[in-house]
Amino acid sequence: MIDIRTTQGGSIAIAKERFDALRAALRGSLVFPTDAGYDVARSLWNGMIDRKPAAIVRAAGAGDVIQAVNFAREHRLLLAVRGGGHNIAGKAACDGGLMLDLSAMKSVRVDPNLALARVEPGALLSDFDRETQAFGLSTPTGINSTTGIAGLTLGGGFGWQSRKRGLTIDNLVGVDVVLASGEFVQANDKHNADLFWAVRGGGGNFGVVTSFEYRLHKLGPEVVAGLIVYPFDQAHGVFEGWRSFTAKAPEEMTAWLVLRHAPPLPFLPESVHGKAVIVVAFCWIGEVSRGHELAAQLRRFGTAAGEHVGAMPFVNWQTAFDPLLAPGARNYWKSHDFKALTHDVERILCEAIGRLPTSECEVFIGHLGGAVNRVATDATAYPHRDVEYIVNVHTRWREPSEDAKCIAWARGLFDALTPHATGGVYVNFMPEDETQRVAAGAYGSNYGRLVDLKAKYDRANLFCLNQNIRPQA
Ligand SMILES: Cc1cc2nc3c(=O)[nH]c(=O)nc-3n(C[C@H](O)[C@H](O)[C@H](O)COP(=O)(O)OP(=O)(O)OC[C@H]3O[C@@H](n4cnc5c(N)ncnc54)[C@H](O)[C@@H]3O)c2cc1C
């Protein structure tokens, strides 16, 4: 017998023969704690999360997903679903339950004639970028190439192309979904349109997506992009320049700010390493010569300590932040949406950078607006269609002994910013302890409809390990 946790909080003992039958039905594998591959499958990007499922189904295709979902539902098992394993909340693994690991399902098939891509849920952004850029095509996704496309899409998805082309979900054409009932359905504008609405922002609450279809756009292959690094004593000038730049920037231009200690990057003088800096990180996806003109404007925010700027393949730029955001470190995030980055917000951020708890902690300020905001609030489950900036407090450290200090810094900064923020939050940036923000913060006016659809598609809340939308009943 094997003890395994249920959704009710207890556990049940299931005969080993039942697991043998499940294993025999799979094209992929069924992995137990003593099996090779167990630790790889359960480990997630956030080193704070160390969960040990009783068993892991490593799915090879939709058929395996159906088997795993049926097995979990029939035994009321606690079920975690893993795409790229990148989510800060770490709900892709569970202690003692069943984990459904989709990471081996990585196929990306581009149709260059129809400008569409069919993508399996274990693909990372790097997989997607390489395949689509081979055809000079792309669609908006995120800024870190090791992120999973599944979780990113299900929460909304934004990055360097979003101001021009919208969120990832705004370019989603359809999905294949295995529902809690085990039924396989397709959802798009014409079929199961309510489900299609819900998965565009509603996370993993409604079923397991086994295939995503995206609309593609011409891109690059070169973009003009880079980092311009200013010493922190110039922060005010950089904020002023960046505020007025982003207020009127063309939609092909996206300019984020990063506030942190300078890593030992080869293009920075050693005297700057380890000192507080404010970095303009930008990407221009239009015609290359115009990109160089706009980059010149970003250089006028102050006197830079160094820069790495130029025309480069988009796939290379997509990996620019990977070394700073590599898996394994301990991480805790807080996030706020903003309509404007006021002087008060600037002052609060600058004070907090003076008290960074470790050299890996940072504040990212994402630049949105443009095409993202031309979609109606109720057109998809993602409601934040009036947001211009997202402030992410990325707390990152190595030693468990630093947990309390780092988390306290993040929470303190978050609290100080709260009166200036919209109250909304992108669901994909929420840590595990923010369940109270799901309704009003993550979903706002769309929450009621999401609850109804949860009751329709997953009344027993089998898919509860996510930023959970509870069914009414
Ligand atoms: C370093 C870093 C950078 C990031 N940058 C960006 C960015 O630029 N833009 C952006 O939009 N977001 C960004 N994110 C947030 C990212 O979108 C989320 O972390 C996202 O959930 C990651 O997806 P995943 O598949 O890797 O995650 P996982 O942890 O595997 O999955 C997250 C959750 O999604 C659900 N899920 C996953 N796959 C499926 C599926 N196939 N079917 C149903 N449910 C599923 C599960 O509930 C799971 O718990 C970033 C995150 C990190 C850590």
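Residues numbered from 1 in each chain as written. Predicted model: local features only at pLDDT ≥ 70, side-chain atom pairs only at ≥ 80, totals over all residues. Heavy atoms only, no water.

S.K.: Quick one: what's the story with the overall build of the protein, residue by residue and with numbers?
M.R.: Of regular secondary structure, the protein possesses 14 helices and 20 strands. Taking the principal axes of the C-alpha coordinates as reference, the protein spans close to 70 × 55 × 40 Å. The buried share of the protein, taken over its 473 residues, is 60%. The long-range share in the protein, meaning contacts at least 24 apart out of those at least 6 apart in sequence, stands at 73%. Here the protein has roughly 17,600 Å² of accessible surface; of this, 52% comes from carbon and sulfur atoms. For the protein, the centre of its 48 positive side-chain charges and the centre of its 49 negative side-chain charges are spaced 2 Å apart. (Helix = DSSP H or I, 4+ residues; strand = E, 2+ residues; numbered from the N terminus. Buried < 20%, exposed > 50% of the residue type's maximum accessible area, 1.4 Å probe, protein only. Contact = heavy atoms within 4.5 Å. Areas by Shrake-Rupley, 256 points an atom, 1.4 Å probe, with all protein chains shown as cover. Lys, Arg positive; Asp, Glu negative; His and termini not counted. Charge placed at Lys NZ, Arg CZ, Asp CG, Glu CD.)

S.K.: Describe the state of the cysteines, naming the residues involved and giving the relevant values.
M.R.: A complete count under the given rule lists zero disulfides for this structure. Of all cysteine sulfurs in the structure, the one in C94 sits closest to C464, which takes part in no disulfide; the separation is 8.9 Å. The exposure class of C464 is buried, given its relative accessible area of 19%. (Disulfide = S-S within 2.5 Å.)

S.K.: Give a detailed account of the sheet that holds strand β10 (residues 172–178), specifying residues and quantitative values.
M.R.: Across the sheet, five strands lie side by side as β7-β8-β12-β10-β11; this open sheet has antiparallel pairing. Edge positions in the sheet fall to β7 (108–111) and β11 (184–188), since each of these pairs with one other strand and no more. Adjacent strand axes in the sheet meet at a mean angle of 15 degrees when their direction is disregarded. Across six bridges, β10 lies against strand β12 (residues 208–215) in antiparallel orientation. (Pairing = 2+ DSSP bridges. Axes fitted to C-alpha atoms, helices over the stretch in contact; angles between N-to-C directions.)

S.K.: Please give an account of the environment of A326 that cites residues and values.
M.R.: Tracing the backbone shows A326 in the loop between α10 (314–317) and β18 (330–338). Relative accessible area serves as the criterion here: at 29%, A326 is assigned to the partly exposed category. Residues within four places of A326 in sequence aside, it is in contact with W45 and R396.

S.K.: Give me the pattern of salt bridges: which residues, what numbers.
M.R.: Counting across every chain of the model gives 30 salt bridges. For the salt bridge of E251 with R374, the shortest nitrogen-to-oxygen distance reads 2.7 Å. Taken as a pair, E251 in the loop between α8 (235–248) and β15 (253–261) and R374 in the loop between β19 (362–367) and β20 (389–397) lie far apart in primary sequence, 123 residues in all. Here E251 falls in the partly exposed class, since its relative accessible area comes to 24%. Residue R374 is classed as exposed on the basis of its relative accessible area of 55%. Between R260 and E362 there is a salt bridge whose closest N-O contact spans 2.5 Å. Placement of R260 in strand β15 and of E362 in strand β19 is noted, with a sequence separation of 102 residues between them. For E362, a relative accessible area of 1% gives the class buried. (Salt bridge = Lys/Arg side-chain N within 4 Å of Asp/Glu carboxyl O.)

S.K.: Account for the site of the ligand, naming residues and giving values.
M.R.: Inspection of the region around the ligand gives 34 residues, with G83, G85, N87, F158 and Y426 positioned closest. Within the contact set of the ligand, an oxygen atom lies 2.7 Å away from a backbone nitrogen or oxygen of G85. In the model, an oxygen atom of the ligand is placed 2.8 Å from a nitrogen or oxygen of the N87 side chain. Expressed as a share of its isolated accessible area of 950 Å², the protein-covered part of the ligand is 97%. For the shell around the ligand, the secondary structure elements donating two or more residues are β5 (79–82), α5 (149–155) and β12. Top element by residues in the shell around the ligand is α5. It accounts for four residues. In the shell around the ligand, the residues fall into 17 nonpolar, 15 polar and two charged. (Near = heavy atom within 4 Å. Polar contact = N/O pair within 3.5 Å; in protein donor to acceptor, adjacent residues only side chain to side chain. Nonpolar A, V, L, I, M, F, W, Y, C, P; charged D, E, K, R; others polar.)

S.K.: Break down the nonpolar core for me, citing the residues and quoting the values.
M.R.: With 45 residues, the main nonpolar core has L259, L341, L349 and I365 as its most contacted residues. No other element matches helix α12 (residues 403–417), which puts six residues into this core. (Core = buried A, V, L, I, M, F, W, Y, C linked by side-chain atoms within 4.5 Å.)

S.K.: Describe the environment of A123, with residues and values.
M.R.: By the element assignment, A123 lies in the loop between β8 (116–119) and α4 (125–133). The spacing of A123 and V108 is 15 residues in sequence and 7.4 Å in space, taken between C-alpha atoms. Leave out the neighbours within four places in its chain, and A123 touches M105, K106, V108, G148 and I149.

S.K.: Before we move on, can you summarise unusual backbone geometry with the specific residues and values?
M.R.: A cis amide bond, omega 10 degrees, links G220 with the succeeding residue P221. Positioned with a positive phi, R76 is a non-glycine residue whose angle comes to about 55 degrees. Within the secondary structure, R76 sits in the loop between α3 (62–74) and β5. Taking relative accessible area as the criterion, R76 reaches 53% and is therefore assigned exposed.

S.K.: Help me get a handle on the sheet that holds strand β6 (residues 98–101), residues and values and all.
M.R.: Pairing is mixed in the open sheet, where four strands are placed in the order β3-β4-β6-β5. In this open sheet, the two strands that pair with only one neighbour each are β3 (29–31) and β5. Adjacent strand axes in the sheet meet at a mean angle of 20 degrees when their direction is disregarded. Examined bridge by bridge, strand β4 (residues 55–58) and β6 share four bridges and lie parallel to one another. For V57, the partnering residue across the bridge sits in β6 and is L100. Along the sheet, α3 makes contact with β4, β5 and β6, crossing β6 at roughly 165 degrees.

S.K.: I'd like a description of the packing of helix α1 (residues 16–25) against α3, backed by residues and values.
M.R.: The geometry of a pair of packed helices is captured by two quantities: the angle between their axes and the separation between those axes. Between α1 and α3, the shortest axis-to-axis distance is 9 Å and the interhelical angle comes to 160 degrees. By the angle between their axes, α1 is roughly antiparallel relative to α3. At the point where α1 passes α3, the crossing takes the right-handed sense. Within the contact between the two elements, α1 uses R18, F19, L22 and A25 and α3 uses D64, Q67, F71 and E74. Considered class by class, the residues forming the contact of α1 with α3 number four nonpolar, one polar and three charged. (Parallel < 35°, antiparallel > 145°, perpendicular 65-115°, else oblique. Left-handed = near helix turned anticlockwise from the far one by under 90°.)

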